[in-house]
Amino acid sequence: MTEMLTRLANASVYETTCFFLKVNVLVFVGSVALCWLLGVVFGDRRLFDRWEPLRASELFAALVCVMLNVAVSVAGWALWQAGWITVLPPAGLGAIWDCFAMVIGMDLGMYVFHRIAHVAWVYRILHCFHHRHEVTNPLSLFVLHPLEVIGFGGLMIVFLIAYSMSLDGLLAYLGLNVLFGTLGHSGVEPFPTRWNQIPGLRLIGTSTFHAGHHATPSYNFGFYTLVWDKLFGTLDPGYYERFAAVSKPRRTDQ
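This one's a predicted model, so the numbers in the text were calculated from it and none came from an experiment. (Residues numbered from 1 in each chain as written. Predicted model: local features only at pLDDT ≥ 70, side-chain atom pairs only at ≥ 80, totals over all residues. Heavy atoms only, no water.)

K.L.:
In this structure, what is going on with the overall build of the protein chain? I would like to understand it.
P.N.:
Counting its regular elements, the protein chain contains 10 helices and two strands. Tracing the protein chain from N to C terminus, the helices and strands come up as α-α-α-β-α-α-α-β-α-α-α-α. Relative to a compact globule of 254 residues, whose C-alpha radius of gyration would be 18 Å, the protein chain shows 19 Å and is just as compact. Buried residues in the protein chain amount to 46% of all 254 residues. Contacts in the protein chain between residues far apart in sequence, at least 24 positions, make up 76% of those at least 6 positions apart. For the protein chain, the computed accessible surface area is about 13,000 Å², with 70% contributed by carbon and sulfur atoms. Mean positive and mean negative side-chain charge positions of the protein chain (16 and 16 charges, respectively) differ by 5 Å. (Helix = DSSP H or I, 4+ residues; strand = E, 2+ residues; numbered from the N terminus. Rg over C-alpha atoms; globule rule 2.2 N^0.38 Å. Buried < 20%, exposed > 50% of the residue type's maximum accessible area, 1.4 Å probe, protein only. Contact = heavy atoms within 4.5 Å. Areas by Shrake-Rupley, 256 points an atom, 1.4 Å probe, with all protein chains shown as cover. Lys, Arg positive; Asp, Glu negative; His and termini not counted. Charge placed at Lys NZ, Arg CZ, Asp CG, Glu CD.)

Have a look at this one:
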């Protein structure tokens, strides 16, 4: 990992852009493939009775999202080169704290950003495009208005300017970010029924949690956790019951 930092430190803008293009394309393909696989493996725990139909305009929007993520990554690299962002060498166990701090900090920022996105006039201009997916499909995570993509990326850059992350903590966070986004839009509930009976784990966002937001947009604004929705009274009152119902595999008569 330290070698990767060294290479990026000595890379040109062109080399850096090519690197982040490869990474973001792999993330896109991996997320879509994982979303599809979850739908197959956990088909007996579906949150919706179907996947949202694939539209050409939304495929284009997803590709634009990938390209904008590349641009945000390059912007973050440039700020790192300029000394605005500090990425520390791998920290071992300390990376767990760094990852946790970024999850909580970004979750709060994304909660606030998401609440603003649901203000009526902002929603009409920006966020309603994503909510065309009342149910989801493997592309839903990437079907966003371009300004939302830039906003989420900018939020991450602001966090990294304010907080010096270890490289392994940052990579762990980025991996979790893609995983949570994929799970939240998978349309199935892979977590077991007992998940919400365990203190701590019951505060982690599930597929049911985010699917509830798509079904009822006035609830469940968090991304990684339920913490801020609980604190600010926006958690769907029926969330835990809905999770318990959908997380039980449905038996079918042979």
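K.L.:
Can you help me understand helix α2 (residues 13–41) in this one?
P.N.:
An α-helical turn contains 3.6 residues, so a residue and the one three or four places further along point in the same direction. An ideal rise of 1.5 Å per residue puts 42 Å on 29 residues; α2 measures up with 41 Å between its terminal C-alpha atoms. Every buried residue belonging to α2 is among Thr16, Phe20, Asn24, Phe28, Ser31, Cys35, Leu38 and Gly39, and all of these are buried. (Expected span 1.5 Å × (residues − 1).)

K.L.:
Looking at this structure, I do not really get the packing of helix α4 (residues 94–117) against helix α7 (residues 167–184). What am I missing?
P.N.:
Helix-helix packing is described using two parameters, namely the angle between the two axes and the distance between the axes. It is the contact of α4 with α7, at a shortest axis distance of 8 Å, that shows an interaxial angle of 45°. Comparing their axes, α7 and α4 come out oblique. Here α4 runs over α7; the crossing is right-handed. Between α4 and α7, the residues in contact are Ala95, Asp98, Cys99, Met102, Val103 and Met106 and Asp168, Gly169, Leu170, Ala172, Tyr173 and Leu176, respectively. For the contact of α4 with α7, the class distribution of residues is nine nonpolar, one polar and two charged. (Axes fitted to C-alpha atoms, helices over the stretch in contact; angles between N-to-C directions. Parallel < 35°, antiparallel > 145°, perpendicular 65-115°, else oblique. Left-handed = near helix turned anticlockwise from the far one by under 90°. Nonpolar A, V, L, I, M, F, W, Y, C, P; charged D, E, K, R; others polar.)

K.L.:
Looking at this structure, I do not really get the pattern of salt bridges. What am I missing?
P.N.:
Note on pairing: side chains with opposite charge can pair once their charged atoms come close. Taken as a whole, this structure holds two salt bridges when the rule is applied. A salt bridge links Arg242 to Asp236, with the nearest nitrogen and oxygen atoms 2.5 Å apart. (Salt bridge = Lys/Arg side-chain N within 4 Å of Asp/Glu carboxyl O.)

K.L.:
Would you explain the packing of aromatic side chains in this entry?
P.N.:
The relative placement of two aromatic rings is captured by the distance of their centres and the angle of their planes. Per the stated rule, a full pass over the model turns up 14 aromatic pairs. Between Phe19 and Phe20, the aromatic rings sit 5.2 Å apart at their centres with planes inclined by 65°, giving edge-to-face as the arrangement. By relative accessible area, which is 16% here, Phe20 ends up buried. Within the aromatic cluster, the residues linked to one another by ring pairs are Tyr173, Phe180, Phe223 and Tyr224. (Phe/Tyr/Trp six-rings, centres within 6.5 Å; stacked < 30°, edge-to-face > 60°.)

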